[in-house]
Amino acid sequence: MIRFHRVCFHRASLSPLCHLSPPSASPKLSTLRCARGRRFMTSRSASRLSCLAPVSPGGGEDGGGSSSNVSASVSATATEDDGTGYRLPPPEIRDIVDAPPVPALSFSPHRDKILFLKRRALPPLADLARPEEKLAGVRIDGYCNTRSRMSFYTGLGIHQLLPDGTLSPEKEITGIPDGGKINYVTWSNDGKHMAFSIRIDEDGNSSKPIVWVADVETGEARPLFKSEDIYLNTIFESFVWIDDSTLLVSTIPSSRGEPPKKPLVPPGPKTLSNEKSDVVQVRTFQDLLKDEYDADLFDYYATSQLVLASLDGTAKEVGPPAVYTSLDPSTDHKYLLVSSLHRPYSFIVPCGRFPKKVEVWTADGKFVRQLCDLPLAEDIPIASNSVRKGMRSINWRADKPSTLYWAETQDGGDAKVEVSPRDIVYMQSAEPLAGEEPEVLHKLDLRYGGISWCDDTLALVYESWYKTRRTRTWVISPGSNDVSPRILFDRSSEDVYSDPGSTMLRRTAAGAYVIAKIKKENDESTYVLLNGRGATPQGNVPFLDLFDINTGNKERIWESDKEKYYERVVALMSDQKEGDLRMEELKILTSKESKTENTQYFLQLWPDRKVQQITNFPHPYPQLASLQKEMIRYQRKDGVQLTATLYLPPGYDPSKDGPLPCLFWSYPGEFKSKDAASQVRGSPNEFAGIGSTSALLWLARRFAILSGPTIPIIGEGDEEANDRYVEQLVASAEAAVDEVVRRGVAHPSKIAVGGHSYGAFMTANLLAHAPQLFSCGIARSGAYNRTLTPFGFQNEDRTLWEATNVYVEMSPFMSADKIKKPILLIHGEEDNNPGTLTMQSDRFFNALKGHGALCRLVILPHESHGYSARESIMHVLWETDRWLQKYCVPNTSDADSSPDQSKERSDSADRVGTATGGGNPEFEDHSKLRRSLL
């Protein structure tokens, strides 16, 4: 996937990391093995060994270490286990994970240069082992005064985009210290300079970051400040360009002393009170402030002094030291929108809900006025679409100078309150005249979701409501009070077949982004470009439509190849000129990939539609270049159409090779209708991207992989999806398993199930309620006892006390006595994800052990919800491969030769639905992954 960050877009997300190098710790293993009625024995080991692959701060860092650096004492055999140390998976898996990543790309503001941002592979565990402070939902590296585990670039190279679409030889940015860790790369508005931060290693530690600038023409880089003692504070904001030669930098106050010391004797007991009987319901947040000492630490690390710095080296402090969270220049660069946090802090919610002040300053740092001072928000209801009271989403209009807009809730922020309008959008100049009230721009009955600006005649306002999945787009004329708003699109957000696409934006001379208006020759109509994913029953076929904003007429001007390739429109490349864009001068950047060809980028030029390839990245894992991929469709017993992506190893022939062991890897999803749940998402022609912990790695071990089989949990009408969670979960899994067995590609007794986070929750439930389907399970970083998340989870809005049966029946912890198949539990010791506390796996393992289940628990030191360090990831792969080789590959049972196996599955699923309360209105699920796994 391409990710945009400011003007950058990235082929893949970066590996998270930190800095330093204390000794590495081994994974903690808890195991229980049993065999036919024998007594059980347990063991626990927490030995600490040296790192698998030490990585030097310099050149060795790029590869994250290689197998040749690994001590000979570290075993790579996936079937051995002495319970100690980090292990390596087999070479066929390890080589794919260690493949060097392709660079991230960033285009200059004028689209004439491409910056290649070079990256390393997996970081060493020593980076994650650096001490960190966990304060108010933020993890901080106190030595660097940055967020902990920051990813970084290792080098920068500029290519000129030549008129024929080819790239010039690389011009490397020079002057960067050896081993410098680069972050926050940003172009100046005129494209002549870049600013970025650098950290360097000092005696095994990474230094505090310093701002550097580079001249794009010469490639020479240098520190921005003449003084070597001015350091960035990047806990919240780093720096922004005010104009082409001036930056506003968030720095560590020069007067700051040593961190506060924790008192040996506490000043008193910690007291929480609700003597006013307020209703305060909060999700299971982690890393919260624990006491006043934590609050002092938060202030110490998060407080910044803002400094205006010019490229000529001059600098001056502006504003008082404060916990600044955002700095946003107006489109005409005359004003700043400045947000900051202040006390009183909270011990039950993260810093995003702390008291917040929003002010307008002049560009040279003088206070103009305060827009709002929002109080502590501990009482935001848990229902979806609930929001904070007061002004929110405060921004500058992209198409006007110095004009602010924002939304204010009319329902007190509580989604359960019925009111019309629900939200009002306001607009006002940065410095209004005396007595001038904010102008009402638009009123909405759903929840406000943002605005795309164009000019005084056109803007699009978005609103949505999760409960009904309704989404609406309004057309407004911001500069004409006599033009009534009208609805452009009104549809279900989960109906992907009806998605018209999103308007493409163009970059203005001021550096803002507005809706691109397109002009056709001899045509006075107003056209915009709609970029859509093009979901169809045969898979996604992305498109670009020329859309008449007044009549609604469409003309398809570009569409992906649907036979072999998957192509997407990535960016508009002809947006550097002012005014409407001429159709005959249109230029777009597209990506192109296939099942076996990795993503490359192309320029498409009108009017002759000339196509020019601009990248030629090598295949990241040529050993799997000829893998087989197919999007398959099948039906659940209640008639819901399901899809999955079936991957088979290179060279596999079912008629010759017979059925394979199979890994089933998925994540449930929630829907309001069967029709929406049955729609096809994704493309059969997408390249098989393989992440560092991807199930697709086992293609190299001759497994069939059933990736992402849809597990829709449907709650139609007034019914909640989780009311029949287990029944629908089992029915979906059964249909998928039956399909791969019917095709003859999966051995019916050699199918393993696995998942991460909510997928781990799914895995445990399937082993409890559908043990006939799977030989074993792998559950990573899951939550298994929903009574530990009593105020909602995923998208579940009801509390434990409102839907007790739902919470209990959905919790595999409550069904630990039913799990008889081997289950591998893996969890990061420092999991920071709401709800998936590490103790979820600890307690689930103990419940399984107490009932004699064959299980194993692996706790990864220093790892969070997603795993980052090379040692950890390699060990996770070793554990997983060992589990599959031991409990899936050789698995046999009497059912292997049974002609009635499918019928037995169906009968069993029927019994599960009855036993677990299928149809019970108090039973429910909400499954929606809010983060992408790194």
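The structure under discussion appears in the preceding block.
Numbering of residues starts from 1 in each chain and follows the order in which that chain's sequence is written. Note on the predicted model: pLDDT of at least 70 is required for a residue's local features to be given, and 80 or more for side-chain atom pairs to be given and counted; whole-chain, interface and lining totals, by contrast, use all residues. Each side-chain value is derived from all of the structure's non-hydrogen atoms; neither hydrogens nor water enter the calculation.

Draft legend 1. Representation of the overall build of the protein chain within the structure. The way it works is that DSSP assigns letters per residue, a run of H or I at least four long becomes a helix, a run of E at least two long becomes a strand, and they are numbered from the N terminus. Helix and strand counts for the protein chain come out as eleven helices and 54 strands. Taken over 934 residues, the protein chain has a buried fraction of 57%. Pairs at least 24 residues apart make up 64% of the contacts formed inside the protein chain by residues separated by at least 6 positions. Here the protein chain displays about 37,300 Å² of accessible surface, and carbon together with sulfur accounts for 50% of that area. Working definition: with a 1.4 Å probe on protein chains only, accessible area under 20% of the residue-type maximum means buried, over 50% means exposed, and in between means partly exposed. The criterion used for residue contact is that any of the two residues' heavy atoms lie within 4.5 Å. Areas reported as accessible are Shrake-Rupley estimates using a 1.4 Å probe. Residue values count occlusion only from the protein chains shown.

Draft legend 2. View of the nonpolar core. Within the largest apolar cluster, 64 residues are counted, with the highest numbers of intra-cluster contacts made by Phe664, Leu766, Phe774 and Ile823. If one sorts the elements of this core by residue count, helix H6 (residues 725-742) sits on top with nine residues. Buried residues of nine kinds, namely Ala, Val, Leu, Ile, Met, Phe, Trp, Tyr and Cys, make up a nonpolar core once their side-chain atoms join them within 4.5 Å. The next biggest cluster of nonpolar side chains, apart from the first, holds 40 residues, and it includes Leu122, Trp665, Ala688 and Leu824.

Draft legend 3. Seen up close, the sheet that holds strand E28 (residues 439-444). At least two bridges found by DSSP between two strands is the condition for calling them paired. Ordered by their spatial adjacency, four strands build an open sheet running E25-E26-E27-E28, and the pairing between neighbours is antiparallel. Of all strands in the sheet, those bounded by a partner on one side alone are strand E25 (391-396) and E28. Within the sheet, the average angular offset between the axes of one strand and its neighbour, ignoring direction, is 20°. As judged from the four bridges shared by E25 and strand E26 (residues 403-409), these two strands associate in the antiparallel manner. Looking across to E26, one finds that Asn395 is bridged to Tyr405. Lines are fitted to the C-alpha atoms to define the axes, a helix being fitted only along its stretch in contact, and any angle between axes, read from their N-to-C directions, falls within 0 to 180 degrees.

Draft legend 4. Unusual backbone geometry, seen in detail. In this chain, Arg343 is followed by Pro344 through a cis amide linkage whose omega measures 5°. For Pro344, the location among the structural elements is in the loop between strand E22 (335-341) and strand E23 (356-362). Omega for the bond connecting Ser420 with Pro421 falls within 30 degrees of zero, at -5°, which places this linkage in the cis form. By the element assignment, Pro421 lies in the loop between E26 and strand E27 (423-429). The phi dihedral of Ser277 is positive, around 60°, even though this residue is not glycine. Note on placement: Ser277 falls in the loop between strand E19 (246-251) and helix H3 (292-302). Notably, Ser402 is not glycine yet its phi reads approximately 55°, a positive angle. Tracing the sequence through the fold places Ser402 in the loop between E25 and E26.

Draft legend 5. Highlighting the sheet that holds strand E17 (residues 221-223). Reading across the sheet, the four strands line up as E12-E13-E16-E17 and stay open at both edges, with antiparallel pairing between neighbours. A strand with exactly one partner marks an edge of an open sheet, and here the two such strands are strand E12 (181-187) and E17. Put simply, the sheet's adjacent strands are angled 30° from each other on average, direction ignored. Direction of pairing for strand E16 (residues 210-215) relative to E17: antiparallel, over a ladder of three bridges. The partner of Trp212 across the bridge, within E17, is Pro223.

Draft legend 6. Summary view of helix H10 (residues 870-887). Taking 1.5 Å of rise per residue, the 18 residues of H10 would be expected to cover 26 Å, and the 25 Å separating its terminal C-alpha atoms lies within 8% of that figure. Across the 18 residues of H10, 17 count as buried, placing the element largely inside the fold. Every helix has an expected span of 1.5 Å times one less than the residues it contains.

Draft legend 7. Seen up close, the pairing of strand E30 (residues 458-465). Counting buried residues in E30 gives six out of eight residues, a clear majority hidden from the surface. Inspection of the sheet shows strand E29 (residues 447-455) paired to E30 by seven bridges, in the antiparallel sense. Paired with Asp455 across the two strands is Leu458, which belongs to E30.

Draft legend 8. A look at the side chain of Asn385. Mapped onto the elements of the fold, Asn385 is located in the loop between strand E24 (367-374) and E25. Assessed through its relative accessible area of 19%, Asn385 is described here as buried. For this analysis, a polar contact is any N or O atom pair within 3.5 Å, provided that within protein one partner can donate a hydrogen and the other can accept it, and provided that sequence-adjacent residues contribute only side-chain to side-chain pairs. Within the structure, Asn385 has its side chain in polar contact with the backbone nitrogen of Tyr466 (distance 2.6 Å). Apart from the residues within four sequence positions on either side, Asn385 is in contact with Ala415, Arg447, Ser464, Trp465, Tyr466 and Lys467.

Draft legend 9. Region of the structure containing the packing of aromatic side chains. Two rings from Phe, Tyr or Trp (for Trp, the six-membered ring) form a pair when their centres sit within 6.5 Å of each other. Planes less than 30 degrees apart are called stacked, planes more than 60 degrees apart edge-to-face, and all others tilted. A complete count under the given rule lists 20 aromatic pairs for this structure. Between Tyr725 and Phe761, the ring centres sit 5.7 Å apart and the planes meet at 40°, which makes this aromatic pair tilted. Here Tyr725 is found in helix H6, whereas its partner Phe761 is found in helix H7 (residues 758-769), with 36 residues between them in sequence. The buried category is assigned to Tyr725, whose relative accessible area is 0%. Ring geometry for Phe793 versus Tyr807: centroids 5.2 Å apart, planes at 90°, classification edge-to-face. Of this pair, Phe793 sits in the loop between strand E52 (776-780) and helix H8 (804-810) while Tyr807 sits in helix H8, and the two are 14 residues apart along the sequence. You can call Phe793 buried: its relative accessible area is 3%.

Draft legend 10. Structural view of the environment of Tyr652. In this structure, Tyr652 sits in the loop between strand E46 (641-648) and helix H4 (654-657). Ignoring anything within four residues of it in the chain, the contact list for Tyr652 reads Gln628, Asp657, Gly658, Pro659, Leu660, Arg702, Gly744 and Val745. A distance of 2.6 Å separates a polar atom in the side chain of Tyr652 from the backbone oxygen of Gly658.

Draft legend 11. How the structure looks around H6. For H6, spanning 18 residues, the distance from its first C-alpha to its last is 26 Å, which sits close to the expected 26 Å at 1.5 Å a residue. In terms of burial, H6 is a largely internal element, 14 of the 18 residues being buried. Gly744 lies just past H6 and shows a positive phi near 80°.

Draft legend 12. Representation of the environment of Ala735 in the model. Topologically, Ala735 is positioned in helix H6. The sequence separation of Ala735 and Tyr634 amounts to 101 residues, and the corresponding C-alpha distance is 7.1 Å. Discounting chain neighbours no more than four positions away, the residues touching Ala735 are Tyr634, Gln635, Arg636 and Leu642.

Draft legend 13. Spotlight on the pattern of salt bridges. The salt bridge definition used is simple: a Lys or Arg side-chain nitrogen within 4 Å of an Asp or Glu carboxyl oxygen. Scanning the model with the defined rule gives 50 salt bridges in all. A salt bridge links Glu796 to Arg798; the nearest nitrogen and oxygen atoms lie 3.0 Å apart. Residue classification places Glu796 among the buried residues on the basis of a relative accessible area of 1%. Through salt bridges that share partners, Arg392, Asp411, Glu418, Arg422, Asp423 and Arg447 make up one connected network.

Draft legend 14. Looking closely at the packing of H6 against H7. Packing of H6 against H7 brings their axes to within 10 Å, and their N-to-C directions diverge by 85°. The orientation of H6 with respect to H7, classified from their angle, is roughly perpendicular. Between H6 and H7, the contacting residues are Tyr725, Val726, Leu729, Val730 and Ala733 on the first element and Tyr758, Phe761, Met762, Asn765, Leu766 and His769 on the second. Here the term charged refers only to Asp, Glu, Lys and Arg, the term nonpolar to Ala, Val, Leu, Ile, Met, Phe, Trp, Tyr, Cys and Pro, and the term polar to all other amino acids, Gly among them. For the contact of H6 with H7, the residue count by class is nine nonpolar, two polar and no charged. Oblique is the label for any angle not under 35 degrees, not over 145, and not in the 65 to 115 range, which are roughly parallel, roughly antiparallel and roughly perpendicular in turn.

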